[in-house]
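# Coordinates in review
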Amino acid sequence: GETFEQLSRKQLSPEQLEPVTETDGSLATRYLTEDFVALLGSQTWGMGFPSPLFYDEFTVKRQRVLKNAHLKRLLERDGRLYEAIQFQNSTFLPDTVKLAYRPVLNTFNNRTTIQLTIETVER
């Protein structure tokens, strides 16, 4: 007998087989503040109720590989710069990119900034 995957590939189009990322949509730049991100972080998220995942377009200013596995990036949107990281992915991005991300606060050397954790990149 055929496996479920083999049957699925016969019945479904390539588009239907693509993984889909559900997001909460765009987050206006005016809300991408330390106070708002702290508020998001203070909520309880868990199984079946994940933290918000936003989707926006950014300009890639700089990117470098960390520990041969992760990509640290500097992204720009509406004239503001954001540090971003994507775990378990060392593929470089084009100059402009649409991506799904979660904003978190990152404190380093007593300085707190917004860091975007990249979940998926639109190809």
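All of the points below concern the structure found in this document.

### Some points on the overall build of the protein
Helix and strand counts for the protein stand at three helices and five strands. For the protein, the sequential pattern of α-helices and β-strands runs α-α-α-β-β-β-β-β. The buried share of the protein, reckoned over its 123 residues, is 32%. A separation threshold of at least 6 residues defines the contact pool for the protein, and within that pool the share at least 24 residues apart is 55%. About 8600 Å² of surface is accessible on the protein, with carbon and sulfur atoms providing 50% of the total.

### Brief notes about the pairing of strand S5 (residues 111–121)
When strand S3 (residues 80–86) meets S5, the two strands line up parallel, connected through three bridges. Within S5, the position partnered with Ala84 by the bridge is Leu116. Pairing between strand S4 (residues 96–108) and S5: 10 bridges, direction antiparallel. In the strand pairing of S5, Leu105 is matched with Ile114. In this structure, the hairpin formed by S4 and S5 is closed by a connection of two residues, where Asn109 is found at a positive phi of approximately 50°.

Reading the values: the criteria
Residues numbered from 1 in each chain as written. Predicted model: local features only at pLDDT ≥ 70, side-chain atom pairs only at ≥ 80, totals over all residues. Heavy atoms only, no water. Helix = DSSP H or I, 4+ residues; strand = E, 2+ residues; numbered from the N terminus. Buried < 20%, exposed > 50% of the residue type's maximum accessible area, 1.4 Å probe, protein only. Contact = heavy atoms within 4.5 Å. Areas by Shrake-Rupley, 256 points an atom, 1.4 Å probe, with all protein chains shown as cover. Pairing = 2+ DSSP bridges.

All we've got here are geometric facts, nothing functional implied.
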